[in-house]
Amino acid sequence: MSKSPKYYVVWKGHRPGVYHSWAECQRQTSGFPEAQFRSFGSLAEAEQAFKDPDSVAPKEKKTLYYVVWQGKTPGIYTDWESCRKQIEGADHPKFKSFGSKTLAEKAFKEGPEAYEGRGFKKTRDFSPEEAARIGDPNPLSISVDAACNATTGQFEYRGVITESGTELFRVGPYPGGSNNIAEFLALVHALAYLKKSRSDLMIYSDSKYAMAWVKKKKANTKASGPEALRLVQRAEEWLKSNTYPNKVLKWETRAWGEIPADFGRK
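A brief structural summary. (Residues numbered from 1 in each chain as written. Predicted model: local features only at pLDDT ≥ 70, side-chain atom pairs only at ≥ 80, totals over all residues. Heavy atoms only, no water.)

## Things to note about helix α3 (residues 80–87)
Next up, step 1: All of the buried residues in α3 are W80, C83, Q86 and I87. One face of α3 carries all of its buried residues, which in axial projection span an arc of 120°.
Next up, step 2: Where α3 is buried, its residues contact β4 (65–70), β5 (75–77) and β6 (94–98).
Next up, step 3: Of the residues that open α3, the one with a side-chain oxygen 3.3 Å from the backbone nitrogen of E81 is D79.
Next up, step 4: Looking one or two residues past α3, G89 carries a phi angle of roughly 80°, positive in sign. (Buried < 20%, exposed > 50% of the residue type's maximum accessible area, 1.4 Å probe, protein only. Helix = DSSP H or I, 4+ residues; strand = E, 2+ residues; numbered from the N terminus. Arc of directions from axis to C-beta. Contact = heavy atoms within 4.5 Å. Polar contact = N/O pair within 3.5 Å; in protein donor to acceptor, adjacent residues only side chain to side chain.)

See the structure below:
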């Protein structure tokens, strides 16, 4: 059964307008401070919302915490405008946004080094019970992630050491795939890499689909490009003919931020 189409209104972005795909909307909002956009189930609704924003019931806006480590006045700010004033004209400013107040306060105390190269906007605050259940990621592990252009199907993936972010492997870009396919290939590549190294390190992935496909030893979708088809077939064959001791665990993005293998293109 095909999914119902969605239409995306960008009120504040690089080029405001109505867009027919998430990929187009993402291009207009990625990297734009305080971007405002929303999806609608019909083109008529989207066009009306773009013409008359006041007619749309506002969604509750999530508070972001902006940590300024180096700026005119270092500190934690709760709106982009206040943060911008601290970094504009400052010498080598360092700052980052967080969805979690607790994590922002921790990051401000610890300094920017451990938070560079990763995104933390999706994090949120947890109750003490939830935080205890989730715990902290094991730094002695491998993290994998993928990137895919939704318009062209061009995909790539990589694996890194969780603690340092040191890259262990990178594959692609290749055409004719999808993000789920690339996430699946990344996990199987990591398993094969660790087996060859005779290592029992655990592996983190932020894709529940890729983890499920690895468990059943088969991708749940078809690649369209010849190289992508070859890689998927090879991965499936490897899973069926190999065993491994490595645990494959879900990366908790809302607690820990973007996975260390993230390509940083969100």
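## Structural notes on the nonpolar core
Next up, step 1: Counting residues in hydrophobic clusters, the biggest one holds 30 residues, and the most contacted among them are V144, F184 and L185.
Next up, step 2: Counting only elements with at least two residues in this core, the list comes to β7 (141–148), β8 (155–161), β9 (167–174), α6 (179–196), α7 (208–216) and α8 (226–241).
Next up, step 3: At 10 residues, α6 tops the list of elements feeding residues into this core.
Next up, step 4: When sequence neighbours within four positions are dropped, the list of residues in contact with V144 reads R158, G159, F169, E183, A186, L187, A190, I203, Y204, S205, I259 and A261.
Next up, step 5: Counting residues in hydrophobic clusters, the runner-up holds nine residues, among them Y65, F98, L103 and Y115. (Core = buried A, V, L, I, M, F, W, Y, C linked by side-chain atoms within 4.5 Å.)

## Details of the layout of surface pockets
Vacant regions in the atomic arrangement are exposed by a probe of water-molecule size rolled over the atoms.
Next up, step 1: A volume near 890 Å³ is recorded for the second largest pocket.
Next up, step 2: Lining the second largest pocket are 31 residues, and of these L103, K106, R118, P137 and W256 lie nearest its centre.
Next up, step 3: Among the secondary structure elements, those contributing two or more residues to the lining of the second largest pocket are α4 (101–110), α5 (128–134) and α9 (253–256).
Next up, step 4: Of all the elements, α4 adds the most residues to the lining of the second largest pocket, at four residues. (1 Å grid on protein atoms, 1.4 Å probe; cavity = no way out; pocket = protein on both sides within 12 Å on 5 of 7 lines; lining within 4 Å. Points joined across faces, edges and corners; volume = space filled by probe spheres on them.)

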